[in-house]
Amino acid sequence: MITRRYLMVRSAYAVATTFVAIIINFLLPRIIPGNPAVTILLTNFHYLPPGKVKLLEQEFGLTNSSMLYQFERYLVELFHGNLGISYYYYPETVSQVIGTHLPWTLFLLGTSISLSSVLGVITGRMLGFRAGSKTESATSTIFIGLTSLPFFWFAIILILLFAVEVPLFPVGGVFYILDTPGLNFKYISSIAYHAALPILTIVATTFPAFALTMRNTMANQNKEDYILMAKAKGLPERIISKKYAGRNAVLPVATHIILAFGYIVAGAFFVEVVFSYKGIGYVLYEAVTTKDYPLIDGIFLMITVTVIIANFLADLLYAVLDPRVELR
Amino acid sequence: MFSESGILHEIWSNGKARFGMIVFIIFAIIGIFGHFIYPYSPKATFVIWQPPTFAHVFGTDYEGHDVLSQFLYGTGVSLYVGASVALISVAIGTMVGMLSGYYGGIVDNIFMRFVDILLIMPTFPLLVILAAYLPPTNNTTILILSLLSWPFMSRVIRSQVLTLKERPFIKAAVISGMKGFTIIRKEILDHLMPLIIINAVYLLVGAIVAQAGLAFFGLGDLTSINWGTMLYYAQSEDAIVYAAWWWILPPGIAIAIIGIGANIFGNGITEIFGKRSGGA
Amino acid sequence: MNEVLLSIRNLNATYNADSNRSIHAIRDLNIDVLRGEVLALVGESGSGKSTMGLSILRLIESPHEIKGNITFNGVDEQVSVFDLDPYKIREFRWKKVAMVFQSAMNILNPVMRVEAQFIDTFEAHGIIDDYDKRINHYLELAGLGKKVRRLYPHELSGGMKQRVNIALALSCEPELLIADEPTTALDVVVQREVLYELRRLKEELNLTIIFITHDLGVASSIADRIAVFYAGRIVEINKKDEITNNPMHPYSKLLLSTAITLKTDKDSVLTQLEGTPPDLSVEIKGCSFYPRCPVRENACKSFTPNDQAKGEWVECIKPGAMNLKEVDNPRGERR
Ligand SMILES: Nc1ncnc2c1ncn2[C@@H]1O[C@H](COP(=O)(O)OP(=O)(O)O)[C@@H](O)[C@H]1O
Ligand code: SF4
Ligand SMILES: [Mg+2]
């Protein structure tokens, strides 16, 4: 039951935030004194064809036209999906670079978040049941430890253990270069093989937090009157834990997952860097180290907008999950 | 109501909070005195890629730096960044949160919309783009991290002030004719203390991790020696391929331990003050 | 058929609220509930009425404790509630004894539609046909329309939730219904409707009802017998008319005068019961009402009650001794 008003407020915020991101993206290269992009452009890329130089000059506000005019041009280009040309991947455009690498990130994120949510809910439910026992407090302590580990460091340790010391998995990459892309078993299994450790890293560092949230809400479910009622009604333990305690305890976890979204995206980027997994995160890292400013800008905008949209969709999904959300 | 020493005593008497405190104290000691006790200059070079020996307890890195010395030195830098961010964000956040929560009105309104937008905006890409354009120094990093941290802090404070405002003792103070600012200083600030402490700790650790993350991504001052840059060079100079675990482990474990310390400390604080109605 | 439907012997219920405090909410309680009667449990809040209701369904779970014996003489079999295995107790609940809970606000699962909360109950008890007809029927019995079925709990008013609870409680045709303050949260008009509904249902469905209330007036309007609770024990039990016309225990008298005063609002020796019930976390020796009793004497301190679960009894060494009009200190202030 999503009211129109709720939808409007949510989308207004989404639009406003996107707009702020666009403004940041437009202003930063233009207001920072001694624009590093310009320096790079003029020192390293003087071999660019004159047409391109002009284009890049325009992009970085090197023309003498007014800010307002520049902003207008910028918006028009943006609407046509034109984010400029990458220095590092020259002559590919930023949009092309993003297009090639984004799918890998989406694959990594989609798989990890699903696995992590499911695992978090299931283990959290089990912990909630045993709340107070020795096993439970030991597991919870370990989980607190796991949530405190930085993504990238955990990734490094995993590589060290399972790719270098005991070479079970590849040290990096997305698939074997020699594999031919397509819907064949060899290619797909190669992808899975390469994604295994990165996904393991993301899942292992994110699901404990969800599990702990689930555990806490689950443990509190015992105090709820509807749980007492469910027992009084003679419902089987299985139904109570699933449809009553579990179903209600999942709501705060869903909120937690939605809130953790941006954090997981960032984590995935680090993991990509460590595993040389050529998704957007890795490309952003390359862009940062080679000072490929158009690419940094483009990825910033793309990620921001994607996360905003994903959050918006997740909010709608949550409203479906909890009938009480009257969405004022 | 409680005095400063009272609150410290209360924290110390809780096992979890005490554990967290001890962790912080140990790191603080390393951070402050590490500069004086490292065996070699962190920039001195020896034989490269040496595993731990008696001469180099944590081994050496790709350029032959003594890892222990780098770690001892770097702890101070990492803590400096973390503590600065925590201090700035707590100061601004608490002030704005209290004023905004206590007085409400249009300023509060504008400010809340601003925070809402920041809440929706994913932090990491914003951090990256800001760090990419601004001059790469540790102070820039502190500035950026503070800029992005204080609004959340102030929001937490604000909502607590809103509930405090409804409490009888505040109402009594208002009726007795106490001035708004005096009430904030004398009555409200006292009750916010647990919340401020817990958030300061999370901010501190959050900033340490964020700084390390930025450095790992090649952003910020890469010539500075700290936990983040140690990991950055370990990654970019292929410490993994050399299986140089002695180089990778210290900064990572340090980050993990201080993170665990913060979490356990947070649980302890919630145990202490959650029970009492004034709690965090 | 045995005329005693439920018999409770030596019931003790202890809440272990936290590690260093145990609350003895029921202390050595004995009572028989007769088939087909409406038995009202009356007493101040905290006297253990709800706890007795929950004990019958064995809903006092670890870390809390219950001891004693509860025998249920069902139409088809006699069961000892505390000896049932997990499967059997599940069957027993709701099918033999159902309960309308005190706090209706949060009693329904917030994320399930009303009808789904009927259906899972049916499924749990092997009722597999005619869901639609059954749900409509019981909703109607409780005075609700069909459209309630598709609603979520948050879309119901307090009174509607209470009625849904009543409909649910009836839906598996229990032999005993425990109604725990079913009208307390409701406004007076709705309160009267629900009371009327319950009495009608009792006749229609041949129910036995344990009706819990802190309001003697409400109790006397619905009950056949009344049991007066004080500090985890029944201090007096008798036919309704006896209790309301001729209460024997000083506490019953005071309670009654409170009820009358509230009703008629004329001058009376007593407007409110003064003092507080004893702390249930420490052991009580002698008469539990001693500190508040206007006619206490030294002998009361060593008085050890032993009721026999007879149909009527008073737990006092000088029943009927107190005459309200003559009492100079009816509020039991310390002299
Ligand atoms: N879940 C519980 N945990 C701890 N103490 C409880 C719990 N439920 C009831 N009690 C205590 O047990 C006593 C009896 O409560 P209850 O049976 O609810 O009384 P009544 O229904 O007559 O108001 C009270 O002192 C109450 O505080
Ligand atoms: S036993 Fe004594 S104290 Fe207790 S109610 Fe009777 S007269 Fe009062
Ligand atoms: Mg009750």
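Values in this document were obtained by computation on a predicted structure and should not be read as measured data.

Before going further, it helps to examine the coordination of the magnesium ion (ligand 3). Note on the magnesium ion (ligand 3): its protein donors are S50 of chain C (OG) and Q102 of chain C (OE1). The metal-donor distances range over 2.0 to 2.3 Å. Of this pair, S50 of chain C sits in helix α1 (residues 49-56) while Q102 of chain C sits in the loop between β6 (97-100) and α3 (114-124); the two residues are 52 residues apart in sequence, bridging distant segments of the chain.

Residues and elements named next belong to chain B. Taken together, the side chains of W12, I22, I25, I26, I29, I32, F33, F36 and I37 present a nonpolar region at the surface, about 930 Å² in accessible area. Ranked by residues supplied to the nonpolar patch, first place goes to helix α2 (residues 15-37) with 8 residues. By relative accessible area, W12 is classed as partly exposed at 39%.

Residues and elements named next belong to chain C. Read across the sheet, 7 strands follow the order β6-β7-β8-β3-β9-β10-β11 without closing on themselves; strand pairing throughout is mixed. Every interior strand has two partners, whereas the edge strands, β6 and β11 (313-314), have only one. When β6 meets strand β7 (residues 176-180), the two strands line up parallel, connected through 4 bridges. Bridging across to β7, A98 finds its partner in L177. The strands touched by α1 within the sheet are β3 (38-42), β6, β7, β8 (208-213) and β9 (225-230), with β8 carrying the most contacts at an inclination of about 150 degrees.

A word on the packing of aromatic side chains. The relation between two aromatic rings is expressed through the spacing of the ring centres and the mutual angle of the planes. Residue and element names in this part refer to chain B. Evaluation of the coordinates by the stated rule reveals 35 aromatic pairs over all chains. With 4.0 Å between their ring centres and 15 degrees between their planes, W49 and Y242 make a pair best called stacked. Here Y242 lies in the loop between α9 (227-236) and α10 (245-275) and W49 lies in the loop between α2 and α3 (67-103), a separation of 193 residues in the sequence. Owing to a relative accessible area of 46%, Y242 belongs among the partly exposed residues under this scheme.

A separate point is the nonpolar core. Grouped together as the largest cluster of nonpolar side chains are 169 residues, with contacts concentrated most on I188, F217, W247 and I248 of chain B. Ignoring any residue separated from it by four or fewer positions in sequence, one finds I188 of chain B in contact with M98, Y102, V161, L164, I170 and I183 of chain B. Among the nonpolar cores identified, the runner-up in size contains 102 residues, and I107, A167, I234 and F289 of chain C belong to it.

The subject of this paragraph is the site of ligand 2. Every one of the 13 residues lining ligand 2 counts as a neighbour, but C287, C293, C300, C316 and I317 of chain C are closest to it. Per-class residue counts for the shell around ligand 2 are 10 nonpolar, 1 polar and 2 charged.

As a further point, take the environment of T93 of chain A. Residue and element names in this part refer to chain A. Its place among the elements puts T93 in the loop between α4 (67-79) and α5 (94-129). The partly exposed category is assigned to T93, whose relative accessible area is 26%. When the C-alpha atoms of T93 and L295 are compared, they prove to be 8.6 Å apart, with 202 residues separating the residues in sequence. The residues touching T93, leaving out its near neighbours within four places in the chain, are G84, I85 and S86.

Listed by partner, the interface residues are 22 residues for chain A and 26 residues for chain C. Summed over both partners, the interface of chain A with chain C comes to about 2100 Å²; 63% of that surface belongs to carbon and sulfur atoms. Along the contact surface separating chain A from chain C lie 2 salt bridges. Inspection of the chain A/chain C interface yields 13 residue pairs in polar contact (both at pLDDT 80 or more). Of all the secondary structure elements, the ones that give two or more residues to the side of chain A that touches chain C are α9 (225-232) and α10 (237-274) of chain A. Counted by class, the side of chain A that touches chain C contains 11 nonpolar, 2 polar and 9 charged residues.

Our next topic: the site of ligand 1. Residue and element names in this part refer to chain C. Taken together, Y15, I23, A25, E44, S45, G46, S47, G48, K49, S50, T51 and L280 are the residues near ligand 1. One of the backbone N or O atoms of S47 is found 3.2 Å from an oxygen atom in ligand 1. For ligand 1, an oxygen atom lies 2.4 Å from a polar atom in the side chain of T51. Contact with the protein chains removes 67% of the 560 Å² of surface that ligand 1 exposes when unbound. Breaking the shell around ligand 1 down by element, the ones donating at least two residues are β2 (21-34) and α1.

Glancing now at the interface of chain B and chain A. Across the contact, 38 residues belong to chain B and 46 residues belong to chain A. Taken over both partners, the interface formed by chain B and chain A buries close to 3800 Å², and the fraction arising from carbon and sulfur atoms is 82%. In this assembly, chain B and chain A are joined by 0 salt bridges. No other element matches α10 of chain B, which puts 11 residues into the side of chain B that touches chain A. Here the residues of the side of chain B that touches chain A are counted per class, giving 28 nonpolar, 8 polar and 2 charged.

Let's shift gears to the sheet that holds β2 of chain C. What holds strands together in a sheet is hydrogen bonding between their backbones, with the strands either parallel or antiparallel. Residues and elements named next belong to chain C. Overall, antiparallel pairing links the 4 strands, which are arranged β2-β1-β4-β5 in an open sheet. Bordering the open sheet on either side are β2 and β5 (78-80), each of which pairs with just one other strand. Looking at each pair of strands side by side, their axes are set apart by 10 degrees on average, direction ignored. As paired elements, strand β4 (residues 65-73) and β5 share 3 bridges and run antiparallel to each other. Bridging across to β5, N73 finds its partner in Q78. Docked against the sheet, α1 engages β1 (4-18), β2 and β4, running at close to 115 degrees with respect to β1.

Quick look at the pairing of β3 of chain C now. All names here are of chain C. Across the 5 residues that make up β3, a large majority, 5, are buried. As paired strands, β3 and β8 are joined by 5 bridges and run parallel to one another. Counted as the bridge partner of L39 is I210 from β8. Pairing of β3 with β9 involves 4 bridges; the strand directions are parallel. Within β9, the position partnered with L39 by the bridge is R225.

A separate point is the pattern of salt bridges. Under the definition given, this model contains 22 salt bridges over all chains. We note a salt bridge from D116 of chain B to R113 of chain B, for which the minimum N-O separation is 3.4 Å. With a gap of 3 residues between them, D116 of chain B and R113 of chain B both fall in helix α4 (residues 105-120), about one helical turn apart. The residue E203 of chain C makes a salt bridge to K202 of chain C at a minimum N-O spacing of 3.5 Å. We classify E203 of chain C as exposed; its relative accessible area is 58%.

A few words on the environment of V288 of chain A. Mapped onto the elements of the fold, V288 of chain A is located in helix α11 (residues 280-290). With sequence-adjacent residues up to four places away left out, V288 of chain A is seen in contact with I296 of chain A together with V128, F217, G218 and L219 of chain B.

What follows covers the packing of α5 of chain A against helix α12 (residues 293-321) of chain A. Residues and elements named next belong to chain A. One can describe the packing of α5 onto α12 by two numbers: an axis separation of 10 Å at closest approach and a directional angle of 55 degrees. Judged by the inter-axis angle, α5 sits oblique to α12. Viewed along their axes, α5 and α12 form a crossing whose handedness is right-handed. Where α5 abuts α12, its residues V94, V97, I98 and L102 lie against P294, L295, G298, I299 and M302. Its residues assigned to classes, the contact of α5 with α12 comprises 8 nonpolar, 1 polar and no charged.

The rules we used
- Residues numbered from 1 in each chain as written.
- Chains lettered and ligands numbered in written order.
- Predicted model: local features only at pLDDT ≥ 70, side-chain atom pairs only at ≥ 80, totals over all residues.
- Heavy atoms only, no water.
- Donors = N, O, S within 2.8 Å, 3.2 Å for Na, K, Ca; no water.
- Helix = DSSP H or I, 4+ residues; strand = E, 2+ residues; numbered from the N terminus.
- Patch = residues over 30% accessible without salt bridge, like charges linked within 9 Å, V, L, I, M, F, W, Y side chains within 5 Å.
- Areas by Shrake-Rupley, 256 points an atom, 1.4 Å probe, with all protein chains shown as cover.
- Salt bridge = Lys/Arg side-chain N within 4 Å of Asp/Glu carboxyl O.
- Buried < 20%, exposed > 50% of the residue type's maximum accessible area, 1.4 Å probe, protein only.
- Pairing = 2+ DSSP bridges.
- Contact = heavy atoms within 4.5 Å.
- Axes fitted to C-alpha atoms, helices over the stretch in contact; angles between N-to-C directions.
- Phe/Tyr/Trp six-rings, centres within 6.5 Å; stacked < 30°, edge-to-face > 60°.
- Core = buried A, V, L, I, M, F, W, Y, C linked by side-chain atoms within 4.5 Å.
- Near = heavy atom within 4 Å.
- Nonpolar A, V, L, I, M, F, W, Y, C, P; charged D, E, K, R; others polar.
- Buried area = accessible area lost by both parts, 1.4 Å probe.
- Polar contact = N/O pair within 3.5 Å; in protein donor to acceptor, adjacent residues only side chain to side chain.
- Parallel < 35°, antiparallel > 145°, perpendicular 65-115°, else oblique.
- Left-handed = near helix turned anticlockwise from the far one by under 90°.

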